[in-house]
Amino acid sequence: VGCFECCIKCLGGVPYASLVATILCFSGVALFCGCGHVALTGTISILENHFSKITSDHAMLTDVIQLMQYVIYGIASFFFLYGIILLAEGFYTTSAVKELHSEFKTTICGRCISGMFVFLTYILGIAWLGVFGFSAVPVFLFYNMWSTCAAMRSPVSNFTNLDSICVDVRQYGIIPWNATPGKACGSTLGDICNTSEFYLSYHLYIVACAGAGATVIALLIYMMATTYNFAVLKFKSREDCCTKF
């Protein structure tokens, strides 16, 4: 019975909200970073092979994509460490843990660190909302191409001249207007949509967008958990002041 009660107390000290948020955050960031990295590489390949045959026309875009890939490495490393820190902070500030360790006392430094986590998590949550919106842009662009190809292949379509149906990526500002050829029409467009690069990149962008959404949800859970932890620390410090004399 004593061992059973001890296990129950230990399980009661687990910060389940922070644990769920950590798992969701790791999964979301891994999907966003991994799929986004591969999808960006596929995008460069599609542009070079079908929309911009001259290297100088898409040199700036290539540099930007390479920079984004390096940023992805940094994001993955940062959130791996930040998730572990928040999980550890959740363990040490959960009210159940403090009940197990009656000698637990709050300090000004501890409350400042907890408040810093609250502020930083809110900032990261707002930033990831922007990342989530930005990750939906390539999904929208690839979906436009895919839907155009699907419309041309549809048996109910009555297009008289398929070559007049084009997708011009220059209008999205991806490559300059003087890029050659800059657009794909008719059967050429259909062939692009049938390539493995397009199919893989399109679905990877969808998964990356879903990963960004999962990360936003994880940060929302972190916000609630860190805010609660900070409130508990404030309450504990007030309790200490009231019982000091």
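Bear in mind the structure is a predicted one, so any value in this text is a computation, not a measurement.

**Here we look at the environment of L141**
1) Next: Secondary-structure assignment places L141 in helix 5 (residues 108–153).
2) Next: Along the primary structure L141 and Y202 are separated by 61 residues, whereas in three dimensions their C-alpha atoms are 9.1 Å apart.
3) Next: For L141, the contacting residues outside a window of four places in its chain are Y172 and I174.

**Some points on the state of the cysteines**
1) Next: Taken as a whole and assessed by the stated rule, the structure comprises two disulfides.
2) Next: One disulfide in the model links C149 with C193; its S-S distance is 2.0 Å. Disulfide C149-C193: the torsion about the S-S bond is 60°, which places it as right-handed. In this pair, C149 is assigned in helix 5 and C193 in helix 6 (residues 186–194), connecting sequence segments 44 residues apart. Like C193, C149 is buried.
3) Next: The disulfide partner of C166 is C185, and the gap between their sulfur atoms is 1.9 Å.

**Topic: the layout of surface pockets**
1) Next: Of the voids in this model, the largest pocket is the one considered here, and its volume is about 720 Å³.
2) Next: For the largest pocket, the lining is made up of 30 residues, of which L40, M68, F134, P138 and Y205 are closest to its centre.
3) Next: Sorting the residues of the lining of the largest pocket by element identifies helix 2 (16–51), helix 3 (59–93), helix 5 and helix 7 (196–242) as the ones contributing at least two each.
4) Next: The greatest single-element share of the lining of the largest pocket, amounting to eight residues, is contributed by helix 5.
5) Next: Taken together, the residues of the lining of the largest pocket break down into 27 nonpolar, three polar and no charged.

**Points about the pattern of salt bridges**
1) Next: Inspection of the entire model under this criterion finds one salt bridge.
2) Next: For D168, the salt bridge goes to R170, with nearest N and O atoms at 2.9 Å.

**Topic: the side chain of S135**
1) Next: Within the element layout of this structure, S135 appears in helix 5.
2) Next: For S135, a relative accessible area of 7% gives the class buried.
3) Next: A polar contact is formed between the side chain of S135 and the backbone oxygen of F132, at a distance of 2.7 Å.
4) Next: Sequence-distant contacts of S135, that is, excluding residues within four places in its chain, are made with F32, C209 and A212.

**A short note on helix 6**
1) Next: Listing the buried residues of helix 6 in full gives G186, L189, G190, I192 and C193. For helix 6, the buried positions fall inside an angular range of 155° around the axis, keeping them on one side. Residues of helix 6 that are exposed and point over 90 degrees away from its buried face: S187 and N194.

**Thoughts on the packing of aromatic side chains**
1) Next: Evaluation of the coordinates by the stated rule reveals 13 aromatic pairs.
2) Next: Relative to W128, the ring of F79 has its centre 5.5 Å away and its plane inclined at 85°; by these criteria the two rings are edge-to-face. In this pair, F79 is assigned in helix 3 and W128 in helix 5, connecting sequence segments 49 residues apart. There is no split in this pair, since F79 and W128 are both buried.
3) Next: Ring centres of Y82 and F117 lie 6.3 Å apart, and the angle between their planes is 65°; on these two criteria the pair is classed as edge-to-face. One end of the pair, Y82, is in helix 3; the other, F117, is in helix 5, with 35 residues separating them in the sequence. Take Y82 and F117: they sit in the same class, and that class is buried.
4) Next: Here a set of aromatic residues connected by ring pairs shows up, and it is made of F32, F78, F79, Y82, F117 and W128.

So, how was this worked out
- Residues numbered from 1 in each chain as written.
- Predicted model: local features only at pLDDT ≥ 70, side-chain atom pairs only at ≥ 80, totals over all residues.
- Heavy atoms only, no water.
- Helix = DSSP H or I, 4+ residues; strand = E, 2+ residues; numbered from the N terminus.
- Contact = heavy atoms within 4.5 Å.
- Disulfide = S-S within 2.5 Å.
- Buried < 20%, exposed > 50% of the residue type's maximum accessible area, 1.4 Å probe, protein only.
- 1 Å grid on protein atoms, 1.4 Å probe; cavity = no way out; pocket = protein on both sides within 12 Å on 5 of 7 lines; lining within 4 Å.
- Points joined across faces, edges and corners; volume = space filled by probe spheres on them.
- Nonpolar A, V, L, I, M, F, W, Y, C, P; charged D, E, K, R; others polar.
- Salt bridge = Lys/Arg side-chain N within 4 Å of Asp/Glu carboxyl O.
- Polar contact = N/O pair within 3.5 Å; in protein donor to acceptor, adjacent residues only side chain to side chain.
- Arc of directions from axis to C-beta.
- Phe/Tyr/Trp six-rings, centres within 6.5 Å; stacked < 30°, edge-to-face > 60°.

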